[in-house]
Protein chains: 4
Amino acid sequence: VASEESDQLALERIVFFSDAVIAIAITLLALEIRLPELTSGDDVAAALTGLGSHYFSFVVSFLVVGAYWLGHHRMFRVVRRFDDTLIRLNILFLLCVAFVPFASSVIGEHGDTRPAAVFYSLVIAACGIAELTVWMYASHRHRLIDDAFPPAAVRSTTRRMLLAPVVFLLALPLTLIHPYVAMVAWLAAFPLSFAMRRIEHRQHPA
Amino acid sequence: VASEESDQLALERIVFFSDAVIAIAITLLALEIRLPELTSGDDVAAALTGLGSHYFSFVVSFLVVGAYWLGHHRMFRVVRRFDDTLIRLNILFLLCVAFVPFASSVIGEHGDTRPAAVFYSLVIAACGIAELTVWMYASHRHRLIDDAFPPAAVRSTTRRMLLAPVVFLLALPLTLIHPYVAMVAWLAAFPLSFAMRRIEHRQHPA
Amino acid sequence: VASEESDQLALERIVFFSDAVIAIAITLLALEIRLPELTSGDDVAAALTGLGSHYFSFVVSFLVVGAYWLGHHRMFRVVRRFDDTLIRLNILFLLCVAFVPFASSVIGEHGDTRPAAVFYSLVIAACGIAELTVWMYASHRHRLIDDAFPPAAVRSTTRRMLLAPVVFLLALPLTLIHPYVAMVAWLAAFPLSFAMRRIEHRQHPA
Amino acid sequence: VASEESDQLALERIVFFSDAVIAIAITLLALEIRLPELTSGDDVAAALTGLGSHYFSFVVSFLVVGAYWLGHHRMFRVVRRFDDTLIRLNILFLLCVAFVPFASSVIGEHGDTRPAAVFYSLVIAACGIAELTVWMYASHRHRLIDDAFPPAAVRSTTRRMLLAPVVFLLALPLTLIHPYVAMVAWLAAFPLSFAMRRIEHRQHPA
């Protein structure tokens, strides 16, 4: 019903709201790191180094959420039209992202247990699947700036978005060996993503 | 006193500030979920599944606040003029939204008690009534982009905005049976909202 | 050095950053409200009504910070030029605002003591003085959209900005009688502000 | 692949996301200040003044993060083009900034110990080095609005960005004397930064 210009503003507001929720979730990750209460005789240095698994979960979660933000950023650069369904799918994606700080605190506190590693993997995979769903919906029925985004680019974006949930789901059985083995596998997502992007750039230099 | 363009920027800033407050409130909902302190012998999986009512209140609150954001988004797409009263009513709406994380933590912690369910219902209904008040004020005296938004659309928006407070207030007596019965009734707000929107689209295809 | 258009964007970014900090501070106010740990026999309703002073400090602080945001919003509608000093003064204002949630938690917890009431008054007055300083600097040396904002409007804005710090400083001695007497005096700031605005509108209808 | 205008929007979104993360981190600094639980006989005034080191760490951290924001603001005023590497470096900078509230809580709680002072210095220096890396990358290969930003301005910006990490790293050995001596040295960063800027303005009046 509203004008073309107001549509553009409304789209920007969706992007803005998403950015704000992701920015808050990513920054709250650090709130989960807390020094235990020390008495005057305690060693502050030992307490700081004793938080190793919290630093690890903070850094991994920050990079993962940062990568999801980057995916969202790339996706909405080419979205032109939106409807209520796209907004609702996007809210479900944000719901998953807002849940990551809790999952990150669980892995920071109990990273050496299998339930914590499984729980974290499922939450991260859910974020990825939700983002992929937004993308699947947005890239159909002429919702993209179609003249600027060829089908091959749509497919390569879909492939890259599949990477994170696939890695985190494939790493699930590795928790049977040891949670730490699964965590090392998670880190593989980053070089894999770089490699995929490089191969695509060689095939379709933009 | 300022120019037309500066008026547009000032309106955008109100929208922006609202988005930021709603985004923070919606993301803080997850901060209320906390794993209890575990000793080394405790079962992490049991602790995670034991937080069921916290997950429920997080998801319901996220979807409710998300729906209020969507209503605010729809409303301000068609607002053209603003004054201090509109800003003040909007601040009252934001005050209610900022209070939701506390209400959500109460229902997450004590969802099986009637006072918690009544308190939560009242807070959610207050949000809806505050948003409706902003809309009632904004949709009068030529504050909307009038040529693009016919009276029938104003009325259908008003009806949709009434839905959430009405559902949460009607569910109040159900807490007398059991808090969980009221909660199931809350969830009815979502399919009802979809249905209302579908009927309207059939009547006034935009 | 940069272009006119980039200057406009840089100014918008300052406004945006301020909005974000104020929005976060205002939403964090509700984080300070926490239900005490209850055991199964405890009365949830009694616990909820027992938080009365926390609700009061939340509402007063929300309205005060909201009013400071509204002042900031009005001020930056007419600012055209900025320099590093304006940015630094603005950061000092934001520092004061970011401190309000702590002051609000102090008054919520210990509102019946004189030190808490004095501390809160000083923090709120500091915010107002900092905002006034930003305005004093911004309204000089042709930093405003001068053709649209006459000297009389500058003076009336200054007067309105003086109101909050003056009320909170004048209420300080009232804490000697009882902290609650001072709190009632704080609430006087809101009708006073409305009245000042109404009188000005009658004198200079815009 | 997308249009020029969409590139501009995408760049603004990076800036926006950074602003949001920095705004949240800077506002969360105050969350680390908490009044200890008092029993009815305790002195609220004594408890408030007893938080001296927390206020100090809040103010120092707020000003430091504010200065990093100002640096980021200046930097992105002249950035014209971006790529994935620039976004990733920027995310690493934001990771460091999001970690500051934790470092600030450590210095607030244990500021009189050497490990806390060393830890804080390293975190603040890491932020500065990360921001410098973003700038080094952004200022090469024609990523700046080159006609508006001469090489001399690039070099002076680089020098100013080096200041904070250099001060915080040089202050490290001072913690051997006493943590408080290092803290006084930190404060030297602010007048030094003013002085550098004044000298440059005299050499290259813009």
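What you are looking at is a predicted structure, and each value in this text was computed from that prediction instead of being measured.

What follows deals with the overall build of chain A. Looking only at helices and strands, one finds 8 helices and 0 strands in chain A. For chain A, the succession of helices and strands along the chain, N to C, is α-α-α-α-α-α-α-α. On the principal axes, the C-alpha backbone points of chain A span a range of 65 × 35 × 25 Å. For chain A, the proportion of its 206 residues judged to be buried stands at 57%. Sequence separation of at least 24 residues holds for 77% of the intrachain contacts in chain A that already meet a minimum separation of 6. When the accessible surface of chain A is summed, it comes to about 8,800 Å², and 64% of that surface belongs to carbon and sulfur atoms. Each charge class in chain A can be summarised by its mean position, and for the 16 positive and 17 negative side chains these summaries are 12 Å apart.

Our focus in this paragraph is the packing of helix α3 (residues 52-77) of chain C against helix α4 (residues 84-110) of chain C. Residue and element names in this part refer to chain C. At a minimum axis distance of 8 Å, the contact between α3 and α4 shows a crossing angle of 165°. Here α4 runs roughly antiparallel to α3, going by the angle between their axes. Of the two possible hands of crossing, α3 and α4 adopt the one that is right-handed. For the pair formed by α3 and α4, the contact residues are S53, H54, S57, F58, S61, V65, Y68, H72 and F76 on the first element and N90, F93, V97, V100, S104, I107, G108 and E109 on the second. Across the contact of α3 with α4, the residue classes break down as 8 nonpolar, 8 polar and 1 charged.

Now for helix α4 (residues 84-110) of chain B. Residue and element names in this part refer to chain B. With 27 residues, α4 extends 39 Å from end C-alpha to end C-alpha; this agrees with the ideal 39 Å at 1.5 Å per step. At V100, α4 shows its largest kink, close to 30°, and the proline P101 lies no more than four residues downstream. When you tally the buried positions in α4, you get 23 out of 27 residues, the bulk of the element.

Of note, V21 of chain C is situated in helix α1 (residues 4-28). Between the C-alpha atoms of V21 of chain C and A98 of chain C, which are 77 residues apart in sequence, the distance is 7.1 Å. The residues contacting V21 of chain C, other than those within four sequence positions of it, are L94 of chain C together with A23, I26 and T27 of chain D.

Put simply, the second copy of the chain is the first one after a rotation about an axis and a shift along it. Placing chain D over chain A gives an RMSD of 0.0 Å and needs a rotation angle of 90°, together with 0.0 Å of translation along the axis. What the rotation and shift describe, once combined, is the action of a four-fold rotation axis. Little of the interface of chain D is mirrored in chain A, where only 15% of its interface residues are also at the interface.

Residues and elements named next belong to chain A. Within the fold, S105 resides in helix α4 (residues 84-110). Judged by its relative accessible area of 15%, S105 falls in the buried class. In terms of polar contacts, S105 uses its side chain to reach the backbone carbonyl oxygen of F102, at 2.7 Å.

With that settled, the discussion passes to the interface of chain D and chain A. Each partner contributes residues to the interface: chain D has 34 residues there, and chain A has 39 residues. Both sides of the chain D and chain A interface together cover about 3,300 Å² of buried area, and 76% of this is carbon and sulfur. It is R13, F17 and F102 of chain D that lose the most area in chain D upon contact with chain A, and together they represent 22% of the buried surface on that side. Across the chain D-chain A interface, the total number found is 3 salt bridges. Salt-bridge contacts for R13 of chain D lead to D19 of chain A; the nearest nitrogen and oxygen are separated by 2.7 Å. Our count for the chain D to chain A interface comes out at 4 residue pairs in polar contact (both at pLDDT 80 or more). Taken together, the elements giving at least two residues each to the side of chain D that touches chain A come down to α1 (4-28), α4 (84-110) and α5 (114-138) of chain D. With 13 residues, α1 of chain D is the largest single contributor of residues to the side of chain D that touches chain A. Its residues placed into classes, the side of chain D that touches chain A shows 26 nonpolar, 3 polar and 5 charged.

Here is what the cut-offs are and how they apply
- Residues numbered from 1 in each chain as written.
- Chains lettered and ligands numbered in written order.
- Predicted model: local features only at pLDDT ≥ 70, side-chain atom pairs only at ≥ 80, totals over all residues.
- Heavy atoms only, no water.
- Helix = DSSP H or I, 4+ residues; strand = E, 2+ residues; numbered from the N terminus.
- Buried < 20%, exposed > 50% of the residue type's maximum accessible area, 1.4 Å probe, protein only.
- Contact = heavy atoms within 4.5 Å.
- Areas by Shrake-Rupley, 256 points an atom, 1.4 Å probe, with all protein chains shown as cover.
- Lys, Arg positive; Asp, Glu negative; His and termini not counted.
- Charge placed at Lys NZ, Arg CZ, Asp CG, Glu CD.
- Axes fitted to C-alpha atoms, helices over the stretch in contact; angles between N-to-C directions.
- Parallel < 35°, antiparallel > 145°, perpendicular 65-115°, else oblique.
- Left-handed = near helix turned anticlockwise from the far one by under 90°.
- Nonpolar A, V, L, I, M, F, W, Y, C, P; charged D, E, K, R; others polar.
- Expected span 1.5 Å × (residues − 1).
- Bend = angle between axes of the 7 residues up to and from the residue.
- Least-squares fit on C-alpha atoms with pLDDT ≥ 70 in both.
- Polar contact = N/O pair within 3.5 Å; in protein donor to acceptor, adjacent residues only side chain to side chain.
- Buried area = accessible area lost by both parts, 1.4 Å probe.
- Salt bridge = Lys/Arg side-chain N within 4 Å of Asp/Glu carboxyl O.

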